[in-house]
Amino acid sequence: MTALLVALAGCATLERDARLQPGISTADQVQAFYGRPVQVWQDADGGRTLEYSSQPFGNTCFMVKLDAAGKLVGVRDTLLEASRFSITPGMSEEQVSRLLGRERTRVFFRFSGEDVWDWNVQPEQGGYLLRFNVHFKNGRVLRLSQSTVFPSDRFPDLD
């Protein structure tokens with residue numbers, strides 16, 4: 001029984017929570033279930049988007065869209081591949097933050113003049129960490145890249 005509960009708990013995410021019903025659930029209910037968002041974005045249509053990022057350790061960022069009346073419109077994980085690769089050269093830092101949510105880290109590379117932000121994302125190969133990187137130059141997207149992080153225990157010292 002305990003194993004079943006643990007397995008079911010692992011499946012409960014903002015996207016799959018049966019307690020949240022589009023057009024019915026409110027912002028207060030979302031926050032009662034999932035806590036305070038890391039960011040609240042004001043939308044052009046009068047609504048809001050609540051950001052629930054699991055960075056720097058997780059690999060999801062759920063954006064909860066609310067209409068102007070505060071009712072749930074929908075939920076999406078913006079760190080899935082389709083969202084990541086909608087980032088295009090020339091986008092601003094704010095546009096990227098608005099789309100992908102809080103980043104894991106930011107590192108400035110003095111010689112190239114690039115400011116690189118990264119996010120943990122779902123790995124394509126089991127057992128490895130995958131990072132999605134957005135390279136900015138002068139506050140605009142220059143390019144995208146991915147980095148695989150290999151666990152140190154898989155490559156013992158050769159000394």
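Rules and cut-offs
- Residues numbered from 1 in each chain as written.
- Predicted model: local features only at pLDDT ≥ 70, side-chain atom pairs only at ≥ 80, totals over all residues.
- Heavy atoms only, no water.
- Helix = DSSP H or I, 4+ residues; strand = E, 2+ residues; numbered from the N terminus.
- Buried < 20%, exposed > 50% of the residue type's maximum accessible area, 1.4 Å probe, protein only.
- Contact = heavy atoms within 4.5 Å.
- Areas by Shrake-Rupley, 256 points an atom, 1.4 Å probe, with all protein chains shown as cover.
- Phe/Tyr/Trp six-rings, centres within 6.5 Å; stacked < 30°, edge-to-face > 60°.
- Lys NZ or Arg CZ within 6 Å of the ring centre and 35° of its normal.
- Polar contact = N/O pair within 3.5 Å; in protein donor to acceptor, adjacent residues only side chain to side chain.
- Pairing = 2+ DSSP bridges.
- Axes fitted to C-alpha atoms, helices over the stretch in contact; angles between N-to-C directions.

Asks: Would you mind going over the overall build of the protein chain with me for this structure?
Replies: Per the secondary structure count, the protein chain includes 4 helices and 8 strands. Traced from its N-terminal end to its C-terminal end, the protein chain shows the element sequence α-α-β-β-β-β-α-α-β-β-β-β. For the protein chain, buried positions account for 35% of its 159 residues. Within the protein chain, contacts between residues separated by at least 24 positions form 34% of all contacts whose residues are at least 6 apart in sequence. Split by element, the accessible area of the protein chain, about 9,700 Å² in all, is 55% carbon and sulfur.

Asks: Would you mind showing me how to read unusual backbone geometry here?
Replies: In this chain, Gln55 is followed by Pro56 through a cis amide linkage whose omega measures 15 degrees. Along the chain, the position of Pro56 falls in the loop between β2 (48-53) and β3 (61-66). If you check the backbone angles, Asn138 has positive phi at about 55 degrees while not being a glycine. Mapped onto the elements, Asn138 comes out in the loop between β7 (129-137) and β8 (140-149).

Asks: Explanation requested: the packing of aromatic side chains in the structure shown.
Replies: The description of an aromatic ring pair uses the distance of the two centres, along with the angle that the planes make with each other. Overall, the coordinates contain 5 aromatic pairs when judged by the stated rule. Consider the rings of Tyr34 and Tyr52, whose centres lie 6.5 Å apart with planes at 65 degrees: the pair is edge-to-face. Here Tyr52 lies in strand β2 and Tyr34 lies in helix α2 (residues 27-34), a separation of 18 residues in the sequence. Using a relative accessible area of 9% as the deciding quantity, one classes Tyr52 as buried. These aromatic residues form a ring-pair network of at least three members: Phe85, Trp117, Trp119, Phe132 and Phe136. Its guanidinium or amino end placed over the ring of Trp117, Arg106 lies 3.8 Å from that ring's centre, counting from NZ or CZ. Across the ring face of Phe111, the terminal group of Arg110 is positioned such that the distance to the ring centre comes to 4.6 Å.

Asks: Explanation requested: the side chain of Asp17 in the structure shown.
Replies: Along the chain, Asp17 falls in the loop between α1 (2-11) and α2. Looking at Asp17, the relative accessible area reads 11%, which means it is buried. At 2.7 Å, the side chain of Asp17 and the side chain of Arg19 are in polar contact.

Asks: Teacher, can you tell me more about the pairing of strand β4 (residues 72-77) here?
Replies: Sheet faces and side chains relate simply in a regular strand, where the side chains alternate between the two faces. For β3 and β4, the ladder comprises 5 bridges, and the chain directions are antiparallel. In the sheet register, Leu66 faces β4, and the bridge partner there is Leu72. Counting the residues in the hairpin turn of β3 and β4 gives 5 residues, including Gly70, whose phi is positive at 85 degrees.

Asks: I would appreciate a short explanation of the sheet that holds β7 in the present structure.
Replies: To summarise the sheet geometry, strands pair through backbone hydrogen bonds and adopt either a parallel or an antiparallel arrangement. One open sheet accounts for 4 strands, arranged β5-β6-β7-β8; its pairing is antiparallel. Two strands lie at the open edges of the sheet, namely β5 (105-109) and β8, each paired on one side alone. The average angle at which neighbouring strand axes cross in this sheet is 25 degrees, direction not considered. Where β5 and strand β6 (residues 114-121) come together, 5 bridges link them in antiparallel fashion. By the bridge assignment for β6, Val107 is matched with Val116.

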